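As a plain string of letters, each chain reads:
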Amino acid sequence: MTVVEVLFLLLGLVAAGSALLVVTTRTMVHAALWLVVTLGAVAGIFLLLAAEFVAWVQILIYVGAVVVLLLFALMLTKAPTGPQPDLDARRALPAVAVAGLVLAVLGTTVVAGFHGVELDLDGAVVGSAQTTGATIFQQWVLPFEVLSVLLLAALVGAIVLSRGTGRRGGE
Amino acid sequence: MPLWWPLLLSSLLFAIGVYGVLVRRNAVLVLMGVELMLNAVNLNLVAFDAYFRDVLHGGQTFALFVIVIAAAEIGLGLAIVLLVFRTHGQIDVDTMRELADREEPAVAER
């Protein structure tokens, strides 16, 4: 077993375990903090899979921005900081069944479909900032520009939604 | 490394995200489940990018695009959650039934 495989197994265990804690913990703030651990472990796996720039973007955007947004939302909605007994729906069994079914279908599909296929990471082109930037601005520049319009629309939409209803002029 | 290791981890994260979306009652925690699912998709994209040795780096580029879309989604989603909190006083998704289909209009005009 190589170093990469050992590291992948460790990071995978951390990611799966903390993801389970995200969806099962009774304290809302802890869920956001466990999400940081999950996203960080997935960023480490991205590094192992030769996707360097994606890993740093994951750290910057997800851990830096998204989790902070989630924490702010928890605070602004007056989320209690202590453990809450009623965070989950009363009947959790259907959710467990559906999630288990999803895992069974997806898991058997990927294991049956790619059993024995080796992921060769030796000599793989590392997706550094230079490589990724050259690719985005040469081959994928049109989707990139469309995404900037999408971000602008989301920005305007978020501002309109959070401006409130009472202070709109003329209504 | 066998290719199915990252793929199975991605399936596992996706299933955990599905469970979180289905079982949580707080809308912010539901959004956390959505984030887990989007991350599982990213892991899949990056794993296949490494497997195919794509010269265009389509997998990694799409993973970046998914991250951008997730950022836009979380911004809009949290704006909606805050708006719901302002109008209802709580963000329990089980109690939001204004959009349900009913025989007669039971909800008074707001």
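Higher on the page you've got the structure.
Report on the accompanying structure. Owing to the predicted nature of the structure, the values given are computational and were not obtained by experimental measurement. (Residues numbered from 1 in each chain as written. Chains lettered and ligands numbered in written order. Predicted model: local features only at pLDDT ≥ 70, side-chain atom pairs only at ≥ 80, totals over all residues. Heavy atoms only, no water.)

## A short note on the overall build of chain B
When you go through chain B residue by residue, the secondary structure sums to three helices and zero strands. What you see in chain B, going N to C, is helices and strands ordered as α-α-α. Taken against the 2.2 N^0.38 rule, which gives 13 Å for 110 residues, the C-alpha radius of gyration of chain B at 19 Å runs more than 25% over that of a compact globule. For chain B, the C-alpha atoms occupy an extent of roughly 60 × 25 × 25 Å along the three principal directions. Looking at chain B as a whole, 54% of its 110 residues qualify as buried. Put simply, of all contacts in chain B between residues at least 6 apart along the chain, 56% involve residues at least 24 apart. Counting 7 positive and 11 negative side-chain charges, chain B places the centres of these two groups 7 Å from one another. (Helix = DSSP H or I, 4+ residues; strand = E, 2+ residues; numbered from the N terminus. Rg over C-alpha atoms; globule rule 2.2 N^0.38 Å. Buried < 20%, exposed > 50% of the residue type's maximum accessible area, 1.4 Å probe, protein only. Contact = heavy atoms within 4.5 Å. Lys, Arg positive; Asp, Glu negative; His and termini not counted. Charge placed at Lys NZ, Arg CZ, Asp CG, Glu CD.)

## What about the side chain of B:Thr61?
Relative to the elements of secondary structure, B:Thr61 occurs in helix H3 (residues 58-88). Polar contacts involving the side chain of B:Thr61 include one to the main-chain carbonyl oxygen of B:His57, which spans 2.6 Å. In this structure B:Thr61 touches A:Thr135, A:Ile136, A:Trp140 and B:Leu56, once residues within four positions along its chain are discounted. (Polar contact = N/O pair within 3.5 Å; in protein donor to acceptor, adjacent residues only side chain to side chain.)

## Notes on helix H3 (residues 52-76) of chain A
Taking 1.5 Å of rise per residue, 25 residues should cover 36 Å, and H3(A) covers 35 Å from first to last C-alpha, within 8% of that figure. Approximately 25° is the largest bend angle found in H3(A), and it occurs at A:Tyr62. Every buried residue of H3(A) is accounted for by A:Val54, A:Ala55, A:Val57, A:Gln58, A:Tyr62, A:Val66, A:Val67, A:Leu70, A:Leu71, A:Ala73 and A:Leu74. On its buried side, H3(A) packs onto helix H2 (28-48) of chain A together with helix H2 (27-52) and H3 of chain B. Directly after H3(A), the chain includes A:Lys78, whose backbone phi takes a positive value near 55°. (Expected span 1.5 Å × (residues − 1). Bend = angle between axes of the 7 residues up to and from the residue.)

## Brief notes about the nonpolar core
With 66 residues, the main nonpolar core has A:Leu35, A:Phe46, A:Leu49, A:Val54, A:Leu70, B:Val28 and B:Met32 as its most contacted residues. Elements supplying a minimum of two residues to this core: helix H1 (3-24), H2, H3 and helix H4 (93-113) of chain A together with helix H1 (4-23), H2 and H3 of chain B. In terms of residue count, H2(B) provides more of this core than any other element does, 11 residues in total. Residues in contact with A:Leu70, not counting those within four places in the same chain, are A:Leu35, B:Val28, B:Leu31, B:Met32, B:Ile74 and B:Leu78. (Core = buried A, V, L, I, M, F, W, Y, C linked by side-chain atoms within 4.5 Å.)

## A look at the interface of chain B and chain A
Listed by partner, the interface residues are 67 residues for chain B and 87 residues for chain A. The shortest N-O distance in the salt bridge between B:Arg53 and A:Asp120 comes to 3.7 Å. In this structure, the connection of chain B to chain A is made through 13 residue pairs in polar contact (both at pLDDT 80 or more). Of all elements in the fold, only H1, H2 and H3 of chain B reach the threshold of two or more residues within the side of chain B that touches chain A. Across the side of chain B that touches chain A, the residue classes break down as 51 nonpolar, 10 polar and six charged. (Salt bridge = Lys/Arg side-chain N within 4 Å of Asp/Glu carboxyl O. Nonpolar A, V, L, I, M, F, W, Y, C, P; charged D, E, K, R; others polar.)

## Things to note about the pattern of salt bridges
Residue and element names in this part refer to chain B. Evaluation of the coordinates by the stated rule reveals three salt bridges over all chains. The salt bridge involving aspartate 92 is made with arginine 25; its shortest N-O contact spans 2.6 Å. One end of the pair, aspartate 92, is in the segment after H3; the other, arginine 25, is in the loop between H1 and H2, with 67 residues separating them in the sequence. Residue aspartate 92 shares its accessibility class with arginine 25, and that shared class is buried. The salt bridge partner of aspartate 94 is arginine 25, with a shortest N-O separation of 3.4 Å. Remark: arginine 25 occurs in the loop between H1 and H2 and aspartate 94 occurs in the segment after H3; sequence separation between them is 69 residues. Classification of aspartate 94 by relative accessible area gives partly exposed; the value is 29%. Accessibility expressed as a relative area gives 11% for arginine 25, which makes it buried. Among the charged side chains, a network of salt bridges with common partners joins Arg25, Asp92 and Asp94.

By themselves, these figures tell us nothing about what the structure is for.
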